[in-house]
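A look at the structure
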There are 2 protein chains.
Amino acid sequence: MEILESEIIRAELSAATLHASLGDVSMTSMTLLNEVAGRYPDAISFAAGRPYEGFYDVKLLHEYLRIFCHHLRTERGMSEAQVARTLFQYGDTKGIIADLVARALAADEGIEADPASVVVTVGCQEAMFLVLRALRADDRDALLAPSPTYVGLTGAALLADLPVLPVRTDADGIDLADLVTGLRTARAAGRRVRACYVTPDFANPMGVSMSLADRHRLLELAACEDLLLLEDNAYGLLNSAAERPATLKALDRHERVVYLGSFAKTGMPGARVGYVVAGQRVTGPGGGSLLADELSKIKSMLTVNTAPIAQAIVGGKLLAHGCGLADANRRETEVYHRNLRQVLDGLDRRLGGYPDVSWNVPTGGFFIVLTVPFTVDDDLLAHAARRHGVLFTPMHHFYGSTAGHRQLRLSISTLTPDRIEEGLDRLAALVEEGRAEHEGTGEHIPSGAR
Amino acid sequence: MEILESEIIRAELSAATLHASLGDVSMTSMTLLNEVAGRYPDAISFAAGRPYEGFYDVKLLHEYLRIFCHHLRTERGMSEAQVARTLFQYGDTKGIIADLVARALAADEGIEADPASVVVTVGCQEAMFLVLRALRADDRDALLAPSPTYVGLTGAALLADLPVLPVRTDADGIDLADLVTGLRTARAAGRRVRACYVTPDFANPMGVSMSLADRHRLLELAACEDLLLLEDNAYGLLNSAAERPATLKALDRHERVVYLGSFAKTGMPGARVGYVVAGQRVTGPGGGSLLADELSKIKSMLTVNTAPIAQAIVGGKLLAHGCGLADANRRETEVYHRNLRQVLDGLDRRLGGYPDVSWNVPTGGFFIVLTVPFTVDDDLLAHAARRHGVLFTPMHHFYGSTAGHRQLRLSISTLTPDRIEEGLDRLAALVEEGRAEHEGTGEHIPSGAR
């Protein structure tokens, strides 16, 4: 072997040689927004889509762990050594609480899921990537998704090199006519549309929901057009209405739905436990399995398995509440409902008189979208944080910066009543400033003013 | 919207339309091996590369959690609400124990790592995928890796659509001359070689280690050839020798090494906590960051963050041992050393007389490779499990089935002394049977005999 003793090259990597996702504006959105939030820790945040923190208590973690271990001993008949091994050792790739997840789906959503079709994942985010990675075979493949959409979906699709074709969304949720048009246009252009991503309940970022009739129509459409639906149900359980509408999965009679589940909002985000239900048959050479089994193979090379310790804590919480999380989240659901009403009422009182300012009126979930007559960009966010002490999310982040330039998303989930009132006062001051400057100049607040 | 009420199509997916990784033999290896192991639970397993389970105790989980919470209160000055929020809520994408990881690297490996260059991951497997996803920009890109190699590396590369170019490995570890040849040949063919994956200590599956001189030579070569090294150090700490050789990362003066760390073998697999140290600068438009920051962006769209609960438990274990895991693993290291000696001695006593049977003699780690004169395929494994009650891993799985057809990997990590003796008796019976049939027919044991 000959190595020349020439000049040493210190490792540097050109950004241009890295995966294309890293150059995409969607991948940096969250980082940028977190940076602004980090610089202004005292600002009142309508930005964070995090669940309410008021009931968190470390003692619960110990309790859930004890409950799950008791379950392993009594219901699964494990010895002490087996219990310890289950928590400490590598576990089954599909998870150790698939049966409890299936029980919770039955209790909370009326979904009958074979535990064999469940893969427990590192949050719903991993579930999303697993499905998109599996469904992306070549350059023809594409995914339909509402626009605006959850940035995590956009990011996972970028990581899987899967283009996302936007479908119009309005106050009633995804526009089914536009979906059919988009699907047929894409197919006519030689695209293989692998699935349509959809959040029927309180979709991030608009907070809108689909009617029961539209859910039936979407399923019928999927069956007729041979389309797979990826149903994301992160918020559906947190509905204060007397009757929650059925999920697509509960209504699905033809295995058209791959269900993406999350315990982040209803269990706890810090466990990072989600799941996917994928009972679709895979056929052909190398087939003869369920889609869940294929996802499990991918997972084995991505994260091996979801931390059994984290699964144990979520499993303990499920068991503590009879494997149903609707009742377990009654207090949180009331908080979200109260906050949503308070923010909507507060917007009415403060901004109701302006004909050029409007917002949608979701019936649940975490989000409201406010439309203003001036530009809402990241500079305005920084200005709002610095001068007004209030944070929100510019909507363009959910459109890949192609639209939403006069909209902002308000999240209601983490705030207390007094912070909401103070935050809305600050927000109203920003809106009034923006309107005044907009009327004066016909333009948005100039950078110099910030 | 018009939907034809035509025939309903039940969702089925053709395997041919799924991502190519799912058709690769490497992706199904682990599933197949686990299935065999699952069918014969009473077989003595030299197959599982899992850490020793004798010291697992659920009480430790509660203790580690308490220690970490105490650390948050006292060293980070958190209130009870902040402690709860840190464990329950979404956390920083790069992790909440990067500082403790950096302290452990300093204490255990003499590695000075800026916590800002650390990303805490869902096991080492996610770290691997993050790096390979970041480094794969287009079809020209490729990775160098020893052959045979860890199946998790092969799998992660398949998921990232990154071809792996094999480099010869012998009893001294990766062959540096072959590495240079492979690198130059690939570059001459228009390939962009992004990195070379290497495990200097007790590499899976051969159990071989690199000399200190070779480590220096590899670093020099990397600097001269402008090559990045991905150092996997899952086993280095579990070395019973008086002095452990320095890792590549500890010797690296030019940021040539991306370090892939695992707490699976030294902390606990069930936490699924690993990490990557990537202090390389990223330059150019969109650059100006550390590679760790780019990996963090990818992670935010893959798993969001590593479960804070799992990080807390690993953090608690680190804190319980002064942020050094070498001492914390003294008992385990003695078990591995004792088991390795016992298996090597036992092979000598049982098979030492056969000139056509040989094995390598690693000085540490979990693995030994046995070479026999007959074919070692998955049918032989099933036969061994059924007839002889013993499990191992056919080596072809580590060669993508292109080589290793007369070799098997023995793992020594989970067994007790009496199980080792009994297991070696069974293995010897299989080898004697295989030799007899091989001599008789010039072929391996025919399927009919099984």
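Residues numbered from 1 in each chain as written. Chains lettered and ligands numbered in written order. Predicted model: local features only at pLDDT ≥ 70, side-chain atom pairs only at ≥ 80, totals over all residues.

1. Focus on the overall build of chain A
- When its secondary structure is counted, chain A shows 15 helices and 17 strands.
- Computed over the C-alpha atoms, the radius of gyration of chain A is 23 Å, within 12% of the 22 Å expected from 2.2 N^0.38 for a compact globule of 450 residues.
- The dimensions of chain A, computed from C-alpha atoms along their principal axes, are 70 × 65 × 60 Å.
- The proportion of buried residues among the 450 residues of chain A is 56%.
- Residue pairs in contact within chain A that sit at least 24 positions apart in sequence constitute 74% of those at least 6 positions apart. (Helix = DSSP H or I, 4+ residues; strand = E, 2+ residues; numbered from the N terminus. Rg over C-alpha atoms; globule rule 2.2 N^0.38 Å. Buried ≥ 20, exposed ≤ 12 C-beta atoms within 10 Å, placed from the backbone. Contact = placed C-beta atoms within 7 Å.)

2. Observations concerning the packing of helix 2 (residues 58-74) of chain B against helix 11 (residues 308-320) of chain B
Residues and elements named next belong to chain B.
- Following both chains from N to C, one finds helix 2 and helix 11 inclined at 80°, their axes separated by 7 Å at the closest point. With respect to helix 11, the element helix 2 is oriented roughly perpendicular. Touching Leu61, Tyr64, Leu65, Ile67, Phe68 and His71 of helix 2 are Ala312, Ile313, Gly315, Gly316, Lys317, Leu319 and Ala320, all from helix 11.
- Its residues assigned to classes, the contact of helix 2 with helix 11 comprises nine nonpolar, three polar and one charged. (Axes fitted to C-alpha atoms, helices over the stretch in contact; angles between N-to-C directions. Parallel < 35°, antiparallel > 145°, perpendicular 65-115°, else oblique. Nonpolar A, V, L, I, M, F, W, Y, C, P; charged D, E, K, R; others polar.)

3. A look at unusual backbone geometry
- Following Ser147 of chain B, the chain continues to Pro148 of chain B via a peptide bond in cis, the omega torsion being 5°.
- Turning to its location among the elements, Pro148 of chain B is positioned in the loop between strand 4 (141-147) and helix 6 (151-159).
- Residue Pro205 of chain B is reached from Asn204 of chain B by a cis peptide bond, and omega for that bond is 10°.
- Topologically, Pro205 of chain B is positioned in the loop between strand 7 (192-198) and helix 8 (212-225).
- In this structure, Val304 of chain A is a non-glycine residue whose phi angle is positive, near 65°.

4. Remarks on the domain arrangement of chain A
Residue and element names in this part refer to chain A.
- Taken domain by domain, chain A holds domain 1 (18-49 + 329-449) and domain 2 (58-327).
- Computed over C-alpha atoms only, the centres of domain 1 and domain 2 are separated by 28 Å.
- For the side of domain 1 that touches domain 2, the secondary structure elements donating two or more residues are helix 1 (25-39), helix 13 (330-351) and strand 14 (367-371).
- In terms of residues, the side of domain 1 that touches domain 2 owes the most to one element, helix 13, which gives six residues.
- When its residues are assigned to classes, the side of domain 1 that touches domain 2 shows eleven nonpolar, 14 polar and five charged. (Domains from an automatic or database assignment.)

5. A short note on the nonpolar core
- Core analysis: the biggest nonpolar cluster contains 302 residues, and Val276 of chain A together with Val276 of chain B have the highest contact counts within it.
- Ignoring anything within four residues of it in the chain, the contact list for Val276 of chain B reads Val119, Thr121, Ala127, Leu130, Val131, Val258, Tyr259, Leu260 and Leu295 of chain B. (Core = buried A, V, L, I, M, F, W, Y, C linked by C-beta atoms within 7 Å.)

6. Quick look at the interface of chain B and chain A
- Between chain B and chain A, the residue contacts involve 96 residues of the former and 97 residues of the latter.
- Top contributing element to the side of chain B that touches chain A by residue count: helix 5 (residues 123-135) of chain B, with seven residues.
- Tallied by class, the residues present in the side of chain B that touches chain A amount to 54 nonpolar, 25 polar and 17 charged.
- As judged from the three bridges shared by strand 11 (residues 281-283) of chain A and strand 1 (residues 12-14) of chain B, these two strands associate in the parallel manner. Its bridge partner lying in strand 1 of chain B, Val282 of chain A is registered against Leu13 of chain B. (Pairing = 2+ DSSP bridges.)

7. Comments concerning the relation of the copies chain B and chain A
- Under the fitted operation, chain B is carried onto chain A by 0.0 Å of movement along the axis and a turn of 180°, and the coordinates agree to an RMSD of 0.0 Å. These values place the two chain copies in the arrangement generated by a two-fold rotation axis.
- Looking at chain B, 100% of its interface residues are interface residues in chain A too, so the copies touch through the same face. (Least-squares fit on C-alpha atoms with pLDDT ≥ 70 in both.)

8. Side note on the pairing of strand 17 (residues 407-411) of chain B
All names here are of chain B.
- In terms of burial, strand 17 is a largely internal element, five of the five residues being buried.
- Relative to strand 17, strand 14 (residues 367-371) runs antiparallel, the two sharing five bridges. Bridge pairing in strand 17 links Phe367 to Ser411.
- Direction of pairing for strand 16 (residues 393-394) relative to strand 17: antiparallel, over a ladder of two bridges. Its bridge partner being in strand 17, Thr393 is matched across the sheet by Arg409.

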